[in-house]
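A structural walkthrough
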Amino acid sequence: MSAKAYRDPAGRVVELGEELGAGGEGSVFAVRGRRALCAKIYRPDRAEGRERKLRVMLERRPSWLLRRALAWPVALLTEAEGRAAFAGFLMPLQRGAIEVHRCLVPDERMQIAGWLTQRDLCVLAAGLARLVEGVHRAGHCVGDLKPQNILVSPLSGRVALVDADSFQIRDPAAGQVHGCPVLTPEYTAPELCGADPGRAARTPASDAFALAVLIHQLLLGGAHPFEGELAPGGAGGAERIPARIRLGLCPFVPGVTGVRAAAGAIPFATLHPGLQALFIRCFGPGHGAPAERPGAAAWRAALLRAKREMVRCARSPAHLHDKALPRCPWCERRERTGIDLFPAEQRFQRAIARVRDPAAAPEAERIRWLGLHARGRLRDGALSAAERAWLDRAGAGLGLDRGAVARVVKEAAGRVTEVGVGGRATEVGGRGTGVGAGGRATEVGGRGTGVGGRATEVGGRATGVGAGGRARAWLPRGRVVFTSVASIAAAGACAAGVLVTSRLLATPGASPMPRPQPCAVLAQRATIGHTGGTGAYLRAAPSTGSDGLPLPDGTALRLTGRTRIAEQLAWAEVVASGRVGWVATLYLVQEAPR
């Protein structure tokens, strides 16, 4: 098919490029010279009967704001030779997008888009609801709403619906409805269970059922709302999801017996109360009365409200949860299972997401990526068995053998260094030693460090933190565990010269850590660095959740001297491009005064 020539309605020749995908009806190709578009070419036996439906789609298009995200037809294509028979259509190309199922399952999501938080997943779900709402406003139905037809762009947060030519399209001028030819049992509303897909009339309520299932999966770790454990003596023949949908066996709906939530599932109570109410309404009263189901607009409003009412956990900046919860559910799950569903410090994956084939990158780069993965998963200087198993899978996905993975994990665990305030060096994880308050040179991360006027190095760069020595440069790279920030400052070390870490970690068995106090910054000027090429943000406030202006590596800054500790990060107030804001100190490369 790709060797043939095609023409658009203006008579222009459309040349096809590489094949992007194939299905039962035809194939999708890139279009040469038109990077924003792709072409779907039907198989000859499937093209007949499609032309009228597509012409109606061109006449009754949704809002122009949504057409690209809906992969809506742009123009019909005909064969360039012979009788110019209908062959397919042009549609927007969704570049950089992945199927949403890769974000549903936490294990895969953490490998490809580990920077996404629960708040980000709420935003993705709201974007999906917005698209479904737009289809309904145009008078159509999606018909077969399922993960395979939903694409997301983790970098931008965009959501797209593809396979639009399978939607149920209404033609009011002809009084005709062009149906949706397929059904996916796990996302099929109860009233359509067992129906002939080609004859079953879809409604906004049947779409709303599938939308609710997908939102549940996005927010609760991929779990289907009808999953669960059958109670002894429960309903017979309900082992599979489609049967449970037909019987209404949703474990969190009040009054439902015979099935209970799986022991390892994320608790339903984790969700915002407004979302809980909509789920119960959809799968409870809405099971037998489709009109009771919340529509796409209601879901979108509830999701955006849930997003606004999330708070950040004090232990991890990546843990966001509903403000009504007494404890962080993600910390609780990590303590119970040994794995963090939202690991911190995974922003480096944004750079990997732009790589077409990460497994084909140079081995040194893949090892570096895995090391960043591992360091982002450390908690109190250690990795749980579950986290190590996850890193084994991540390493395999990057094409690394088990020996290389083991070396990377061991090195990452050894980078956490404990700083004692008694003059004796202590060792954590086999790397680094403590910093004595007496001024004797010790080691941090394998390099000599002094806190009494001696030349100092942290992470391999010359650093001056001594009260009486000449400072050369302050390059925060290592991660340090403090037993007493106040004691270090009292011993003569400037706290700002020590707070070079991305996190303050509690030392096992140590007394409670005092709240770090702001202090003077050693330098007046600095540049942005140590970001892996991704740059940093000039924040309006000392918080990773505040508005930010991107600052690429090498950006020159002037420091005001104000510092603050927030969200377990050390922040410095700076002036960049005439604007005053806050930058996390781990991204500052400073020059100390001579």
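Cut-offs used in this document
- Residues numbered from 1 in each chain as written.
- Predicted model: local features only at pLDDT ≥ 70, side-chain atom pairs only at ≥ 80, totals over all residues.
- Heavy atoms only, no water.
- Helix = DSSP H or I, 4+ residues; strand = E, 2+ residues; numbered from the N terminus.
- Buried < 20%, exposed > 50% of the residue type's maximum accessible area, 1.4 Å probe, protein only.
- Contact = heavy atoms within 4.5 Å.
- Areas by Shrake-Rupley, 256 points an atom, 1.4 Å probe, with all protein chains shown as cover.
- Pairing = 2+ DSSP bridges.
- Axes fitted to C-alpha atoms, helices over the stretch in contact; angles between N-to-C directions.
- Parallel < 35°, antiparallel > 145°, perpendicular 65-115°, else oblique.
- Left-handed = near helix turned anticlockwise from the far one by under 90°.
- Nonpolar A, V, L, I, M, F, W, Y, C, P; charged D, E, K, R; others polar.
- pLDDT = per-residue confidence, 0-100.
- Salt bridge = Lys/Arg side-chain N within 4 Å of Asp/Glu carboxyl O.
- Expected span 1.5 Å × (residues − 1).
- Arc of directions from axis to C-beta.
- Polar contact = N/O pair within 3.5 Å; in protein donor to acceptor, adjacent residues only side chain to side chain.
- Phe/Tyr/Trp six-rings, centres within 6.5 Å; stacked < 30°, edge-to-face > 60°.
- Core = buried A, V, L, I, M, F, W, Y, C linked by side-chain atoms within 4.5 Å.
- Disulfide = S-S within 2.5 Å.

Let us now look at the overall build of the protein. Looking only at helices and strands, the protein has 18 helices and 29 strands in total. For the protein, the proportion of its 594 residues judged to be buried stands at 51%. Contacts in the protein between residues at least 24 apart in sequence constitute 58% of all its contacts with a sequence separation of at least 6. By element, 51% of the accessible surface of the protein is carried by carbon and sulfur atoms, the whole surface being about 26,500 Å².

With that settled, consider the sheet that holds strand β5 (residues 37–42). Pairing within the open sheet is antiparallel, and its seven strands lie in the order β2-β1-β6-β7-β5-β4-β3. One side of each edge strand has no neighbouring strand; the edge strands of this open sheet are β2 (13–14) and β3 (16–22). In terms of strand pairing, strand β4 (residues 26–31) meets β5 through five bridges, oriented antiparallel. Its bridge partner being in β5, S27 is matched across the sheet by I41.

Bringing the packing of helix α7 (residues 204–219) against helix α9 (residues 273–283) into the picture now. Interhelical geometry of α7 versus α9 gives an angle of 140° and a closest axis separation of 10 Å. Our classification of the angle between α7 and α9 gives oblique. As α7 runs across α9, the sense of the crossing is left-handed. For the pair α7 and α9, the contacting residues are A208, F209, A212, V213, I215, H216 and L219 in the first and L275, F279, C282 and F283 in the second. The class makeup of the residues in the contact of α7 with α9 is ten nonpolar, one polar and no charged.

Mean pLDDT over the protein works out to 78, with 79% of the residues at or above the 70 mark. Across residues 416–522, where pLDDT falls below 50, the model places 228 contacts with residues more than four positions away in sequence or in other chains.

Turning our attention to the pairing of strand β28 (residues 579–584). Bridge analysis of strand β27 (residues 569–576) against β28 gives six bridges, and the strand direction is antiparallel. Note on β28: the bridge partner recorded for A572 is V583.

This paragraph deals with the sheet that holds strand β10 (residues 158–161). Reading across from one edge, β8-β9-β10 is the order of the three strands in this open sheet, with antiparallel pairing throughout. At either margin of the open sheet sits one strand with a lone partner, and together these are β8 (98–99) and β10. Here strand β9 (residues 150–153) runs beside β10; their pairing, made up of four bridges, is antiparallel. Bridge pairing in β10 places L151 opposite A160.

The full count for this structure, using the stated rule, is 25 salt bridges. Here R368 ties to E365 by a salt bridge, and the two come within 2.9 Å at their closest N and O atoms. In this pair, R368 and E365 are both assigned in helix α14 (residues 363–377), three residues apart and thus about one turn of the helix distant. What makes R368 partly exposed here is its relative accessible area of 34%. Overall, the relative accessible area of 29% leaves E365 in the partly exposed class. Between R562 and E573 there is a salt bridge, with its nearest N and O atoms 3.1 Å apart.

Here helix α16 (residues 402–413) spans 16 Å end to end across twelve residues, near enough to the 16 Å set by a 1.5 Å rise per residue. Turning to α16, its buried residues number three or more, namely A404, V405, V408, V409, A412 and A413. Looking down the long axis of α16, one finds its buried residues gathered within 165° of arc, a one-sided arrangement. For α16, the exposed residues lying more than 90 degrees away from the buried face are R407 and K410. The N-cap of α16, judged by a side-chain oxygen 3.1 Å from the amide nitrogen of G403 a few residues on, is D401.

In this section: the packing of aromatic side chains. Inspection of the entire model under this criterion finds 13 aromatic pairs. Judged by centre distance (3.9 Å) and plane angle (5°), the rings of F252 and F268 are stacked. Linking F252 in the loop between α8 (241–247) and β14 (259–260) with F268 in the loop between β14 and α9, this pair joins segments that are 16 residues apart in sequence. F268 matches F252 in its accessibility class, with the two residues each being buried. Each residue in the set F209, F226, F252, F268, F279, F283 and W299 is aromatic and connected to the rest through ring pairs, giving one cluster.

So, about helix α6 (residues 118–137). With 20 residues, α6 extends 29 Å from end C-alpha to end C-alpha; this agrees with the ideal 28 Å at 1.5 Å per step. Where burial is concerned, most of α6 is hidden: 14 out of the 20 residues are buried. A positive backbone phi angle near 95° is found at G139, which sits one or two residues after α6.

What follows covers the nonpolar core. Among the nonpolar cores identified, the biggest contains 86 residues, and L145, F279 and F283 are the most heavily contacted of them. For this core, the element with the highest residue contribution is α6, accounting for ten residues. Residues contacting F279, with those up to four places away along its chain left out, are A212, I215, H216, F252, F268, L271, G284 and W299. Residues L378, L391, A404 and V408 belong to the second largest nonpolar core, which totals 21 residues.

We now examine the state of the cysteines. Throughout the structure, instances matching the rule amount to zero disulfides. With no disulfide of its own, C141 lies closest to C180 among cysteine sulfurs, the gap being 9.5 Å. The class of C141 is buried, set by a relative accessible area of 5%. The thiol of C282 is unpaired, and the distance to the nearest cysteine sulfur, on C250, comes to 8.8 Å.

What follows deals with the pairing of strand β6 (residues 75–79). Taken together, the two bridges between strand β1 (residues 6–7) and β6 define a ladder with antiparallel strand orientation. Looking across to β6, one finds that R7 is bridged to T78. In the sheet, β6 pairs with strand β7 (residues 86–92) via four bridges, with the strands oriented antiparallel. Counted as the bridge partner of L77 is G88 from β7.

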